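# Survey of secondary and tertiary structure
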Amino acid sequence: MTASGGVHEEAGGRGPTVMDAAPRSLADLVPGARAAVARVATDAAPAVVRRLHDLGFTPGAVVEAVRRAPLRDPVLYRVKDYEVCLRRAQAACVHIVEVER
Amino acid sequence: MSAGCHDTGGTDATLIAAPRIALVGAPNSGKTSVFNGLTGLRAKTGNYPGVTVSRFVGTSRTGSHRHVIEDLPGTYSLEPVSPDERITVDVLDGRQEGADRPDALLVVVDATTLRRSLGFVAQVLARGLPACVVVTFTDELARRQGRLDIDAFAQALGVPALPVVGHRGLGIGQLREQLTTWRTWPAPAVAPPTDPDEREAWAESILAFAGYRPPERHRVTQRVDAVLLHPVWGTAVFFAVMAVFFQTVFTVAAPLQDWVEALFAWLSGLVDAHVGNPWVSGLLADALIAGVGGVLVFVPQIVLLFLLLALLEGVGYLARAAFLMDRVMARFGLEGRAFVALLSSFACAIPGIMATRTLPSARDRLATMMAAPLMTCSARLPVYVLLIGLLVDPSAKLGPFGAQGLVMFGLYLLGAVSAMLAAWVFKKLGDRHGQAVPFFMEMPPYRLPAPRAVLVAMGSSARTFLRKCSTVIVATSVVLWLLLNLPLHSDAQLRAAGVDTTDSVAVSAYTVDHSYAADLGRLVAPVFDPLGFDWRINVGVLSAQAARETFVATLGQVAAAEDPEKPEQALRTMTYPDGPRAGEPVFTAPTIAALLVYFVYALQCMATVAVLRRETGTWRWPMTAFTYLTVLAWLMAYLARTATVLLGG
Amino acid sequence: MIPVHPQQVPGRPDRLRWIVPAGTLPGAGPLAGVPAPLAALLADGTLGQITLEGEAVVTRLGADRTWPREGARVRTALHAALGDPEGWIRDTGTAPCDDDAQLYAAAQEVLAGEVGDFARSHGGSIDLVDVHEGIVTVRLGGTCHGCPASWFTLHQRLERRLRRLHPGLREVRNTGGPVSRFGRRYDARGVSS
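Just so we're clear, the structure is a prediction, and the values are computed from it rather than from any experiment.

Let's shift gears to the interface of chain B and chain A. Chain B puts 29 residues into the contact, and the matching count from chain A is 26 residues. Of all elements in the fold, only helix H3 (114-125), helix H7 (196-209), helix H9 (233-274), helix H12 (317-330) and strand E10 (440-442) of chain B reach the threshold of two or more residues within the side of chain B that touches chain A. The element contributing the most residues to the side of chain B that touches chain A is H12 of chain B, with four residues. When strand E4 (residues 82-86) of chain A meets E10 of chain B, the two strands line up antiparallel, connected through three bridges. In the strand pairing of E10 of chain B, Cys85 of chain A is matched with Met441 of chain B.

On to helix H1 (residues 46-54) of chain A. Within the sequence span of H1 of chain A, burial applies to Val48, Val49, Arg51, Leu52, His53 and Asp54 of chain A. Looking one or two places after H1 of chain A, you find Gly56 of chain A, whose phi comes out positive at around 110 degrees.

All names here are of chain B. In the UniProt entry, the feature "transmembrane region" (unreviewed entry) is given for residues 227-250, 332-354, 366-391, 403-426, 465-484, 592-612 and 619-640. Taken end to end, residues 366-391 has its terminal C-alpha atoms 36 Å apart, with 69% of it in helix and 0% in strand. Secondary structure content for residues 403-426 is 100% helix and 0% strand, while the C-alpha to C-alpha distance between its ends is 34 Å.

This part covers the sheet that holds strand E8 (residues 135-142) of chain C. Residue and element names in this part refer to chain C. Strand order in the open sheet formed by three strands is E7-E8-E9, and the pairing between neighbours is mixed. Looking at strand neighbours, the two that pair on one side only are strand E7 (124-132) and strand E9 (171-174), the edges of this open sheet. The mean angle between the axes of side-by-side strands here comes to 30 degrees, regardless of whether they run parallel or antiparallel. When E7 meets E8, the two strands line up antiparallel, connected through eight bridges. Across the sheet, residue Ser125 finds its bridge partner in E8, namely Gly141. Set on the sheet, helix H3 (residues 99-112) makes contact with E7 and E8; between it and E7 the angle comes to about 175 degrees. Where helix H5 (residues 148-165) meets the sheet, its contacts fall on E7, E8 and E9, and the angle it forms with E9 comes to roughly 150 degrees.

Okay, the sheet that holds strand E3 (residues 29-33) of chain C next. Picture the strands of a sheet paired through backbone hydrogen bonds; they go either parallel or antiparallel. Residues and elements named next belong to chain C. Taken in spatial order, the six strands of this open sheet run E1-E2-E5-E4-E3-E6, and their pairing is antiparallel. Edge strands, defined here as strands with exactly one partner in the open sheet, are strand E1 (5-9) and strand E6 (89-90). Looking at chain direction, E3 and strand E4 (residues 47-53) are connected through two bridges and run antiparallel. Opposite Gly29, over in E4, you have Leu52 as the bridge partner.

All names here are of chain B. With respect to the element layout, Ala287 can be found in helix H10 (residues 278-296). Taking the C-alpha atoms as reference, Ala287 lies 19 Å from Gln257; in sequence the two are 30 residues apart. The contacts of Ala287, once residues within four sequence positions are left out, are Ser477, Val478 and Trp481.

Further remarks concern the confidence of the model for chain B. Residues and elements named next belong to chain B. Scored by pLDDT, chain B has a mean of 83; 91% of the residues are at 70 or more. Below pLDDT 50 for its whole length, residues 1-15 participates in 33 contacts with residues either more than four positions away or in separate chains. Prediction confidence for the complex, expressed as pTM and ipTM, is 0.76 and 0.78 respectively.

Opposite the 20 residues of chain C that make contact, chain B presents 19 residues. Contributing elements (two or more residues each) for the side of chain C that touches chain B: E1, strand E2 (12-19), helix H2 (67-82) and helix H4 (114-121) of chain C. Among the elements that make up the side of chain C that touches chain B, the one with the highest residue count is H2 of chain C (five residues). By residue class, the composition of the side of chain C that touches chain B is eleven nonpolar, six polar and three charged.

What follows covers the confidence of the model for chain A. Residues and elements named next belong to chain A. When the pLDDT values of chain A are averaged, the result is 77; 74% of them are 70 or greater. Across chain A, the secondary-structure element scoring lowest on mean pLDDT is strand E5 (residues 94-100), at 79, and the one scoring highest is strand E3 (residues 75-79), at 94. Confidence over residues 1-20 falls short of pLDDT 50; this stretch has 19 contacts with residues more than four positions distant or in other chains.

With that settled, consider the pairing of strand E7 (residues 161-164) of chain B. All names here are of chain B. Both faces of E7 are covered, namely the face carrying Ala161 and Pro163 and the face carrying Leu162 and Val164. In the sheet, strand E6 (residues 131-136) pairs with E7 via four bridges, with the strands oriented parallel. Along E7, the bridge assignment pairs Val134 with Leu162.

Okay, the domain arrangement of chain B next. Splitting chain B by domain gives domain 1 (20-216) and domain 2 (486-646). With centres defined by C-alpha atoms, the gap from domain 1 of chain B to domain 2 of chain B works out at 54 Å.

Here the focus is the environment of Val110 of chain C. All names here are of chain C. Relative to the helices and strands, Val110 is located in helix H3. A tally of 24 C-beta atoms within 10 Å means that Val110 is categorised as buried. For the pair Val110 and Pro10, spaced 100 residues apart in the sequence, the C-alpha separation amounts to 9.6 Å. Dropping the residues within four chain positions of it, Val110 is found in contact with Val115, Leu158, Arg161, Leu162 and Leu165.

Turning next to the nonpolar core. Of all hydrophobic cores here, the largest spans 229 residues; its most connected members are Val107, Val133 and Val134 of chain B. If you tally residues by element for this core, the top one is helix H26 (residues 589-601) of chain B, at ten residues. Other than its neighbours up to four places away in sequence, Val134 of chain B contacts Val34, Leu106, Val107, Val108, Leu162, Val164 and Leu175 of chain B. Listed in part, the 21 residues of the second largest apolar core include Leu103, Val136, Leu158 and Leu165 of chain C.

Definitions and limits used
- Residues numbered from 1 in each chain as written.
- Chains lettered and ligands numbered in written order.
- Predicted model: local features only at pLDDT ≥ 70, side-chain atom pairs only at ≥ 80, totals over all residues.
- Contact = placed C-beta atoms within 7 Å.
- Helix = DSSP H or I, 4+ residues; strand = E, 2+ residues; numbered from the N terminus.
- Pairing = 2+ DSSP bridges.
- Buried ≥ 20, exposed ≤ 12 C-beta atoms within 10 Å, placed from the backbone.
- UniProt positions renumbered as here; feature names shortened; annotations may be inferred.
- Axes fitted to C-alpha atoms, helices over the stretch in contact; angles between N-to-C directions.
- pLDDT = per-residue confidence, 0-100.
- Nonpolar A, V, L, I, M, F, W, Y, C, P; charged D, E, K, R; others polar.
- Domains from an automatic or database assignment.
- Core = buried A, V, L, I, M, F, W, Y, C linked by C-beta atoms within 7 Å.

Put into structure tokens, the structure is as follows:
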């Protein structure tokens, strides 16, 4: 349960460095990393928001990125004891708070 | 065994109409095996009126009690995002046309995904219908060191709950008993909360009370996925699996298909030998037996395809294949699961179209169904072999490759590319109406499928194919035979026309030449004339409208070949009988190219039309597919002819 | 939000037992004061009474009220109240000497309900023999008698359930002997809780 503070060090680290900026949505989560859902973006399509909730991406739920498909999309996540894959576009709607490496 | 289910002394269910019990649950919850367990193999399939959603209804019997069981489309939520899920909600609310509101519900939840599933249970219980929760995969939960006290779970929910291991039939008996008391099932005093936070708190409290311990990660799945979903190894294995898949479908099925062919040839011979009247024997042998044989010859291949699909699905590999291919399919507006359907269509469009059932989005399903007939099915092969043989010299080579093989490969490629583009267009057209369904796919752990479940899945698919297609194909074969053999000609007429009545080839050539089919062929001549087809090719093309492979035999008949199965020689020398091109050879490169391309595109398969009708529930989509593919076939054939002429062919 | 779900109280349709995690609330017994959201429901007559059990809040409806109508409101108020643990004030005026009587009633309820059902469904029976200073003594009959496995299962279930209703429980014992003729001595008192 470490706060994400320690990961911030390289500001703007979008480059190829190992230490990325602290991920802010599920789409930024690298395989093996875990995070807790903060909220699902309200500006996303209502169907997407509802379905992400139904699939278990509820505030507080702990999500782990398990692996990416060979072409980097979709990504397999583990949430609420099961595995589900999402495309990055939808994963980007899930905002996350804390990261545990 | 469940808490709170009281014995009621039994109401006499025989006197009243059978109660309707609906099964609801998430797509991978084991709902179908519970349904199969309750109803045996007596389920009826159909469609909800006007939509492309299959409907499954069966009957469960317990002593004198009879219950109508309906398997509602799988859904993660009662807040629908797709037309299928809307059906489930509409049925529960009694708003679905053609389906009565159920009297009671069986809510199927997977014990290993209980933490996610309780939100759905809350939504269902809030609907207020009598409900019983069926907990599946309890064996897997225990194996993976998870735990659940079912009695405490039932007590906490306030409704009965039963464990069922569907694929092994455990708990089905108790579930049947439970159904008889549906009128007195306890209901929660307070409906579960609707507020998301309160619902979360409710679910957590229930799981704690029931002593729920979630299953540990499935180690086998983790290890296998590390390889099968690996960017390099996973892709390699994927192509290997697909190669083995098709090898099996084609090579293992081939001897079986030969047997079926031999059997029907023998039957035809038997009829020829024992039925005196040539007309009756012709109808029996050439129309009925050949028609039935024409269907049955594809059965080994199709059954094998269904078996492999059921096996891959049961193990969990299809979800992995979809995961690997999703990015590629996304370019054409589809998703990974559509890949499996299109792939199956390489063998036959019918299993491909039936495999679209796994797609949660109705639009993706339609787009895939509209594209599936373009994938090169095995019925096109004999036609391609014949025509390429006429077009390309067998010894011609292009680099290290034989030119014939390259043309064949080109045709497969043309079909596949066209299919993807067609899917893309139909998806675009569909997406104009409202928002798209977001992509998501549950990745189940690898499981050893129960042989019975695989056989049931295969058997029901094969039965559907046989029942729906055999009638259509047999009927069209009979009609075709009649068209090709009517009107009747007496020996006197034949002699008057200068035909040697002892030469059966000459007689059949004369009969075909003066048949209604020939009239039809001449009638449509203006349409096909720009493609270079003469009336005899037209007859072949029209007869192939029922099933592509009949083209070869029909052309053999009209060309009066010695061996109708191998008409190459007769075709090479065939010339236009009349018109401006009279005397010129018919099978020139531009004509053959046009014909090949016509076969790439045209929907010449009544079985596919029948399955499209069945899967979409309306005539609108098979008609759309037929029309667009026929028009496209003509246009592309014209283009191919023009291009070949320009290239100096 | 604190995990909560309601359960019916067998034979008492006017009551609901809201199960909360252990340690959320102070002990068991009647209450002298509840947080404002619940107090409002007592004041407007929605609820008639609120008491605490070890791991549950028991609410009794006011006159002419029904759970389907009031349940959601009570739940929302309860959630709000659980967020304010200081607001729950136990009624210390009530003597705790009645503990065995309360425990006896709780044990009766558990045996009449699901744990008893479990024993009966396996062709056995389980009877309450005695309650003394927090120790509950039961007797197994039928097929359960003399079967160590069934005692293990029943003991676990019984103790877990009973401790939830009554944290003062010290032990559940099994007696091989006959049911005491005085076993039902608390019955006559008509325990109310």
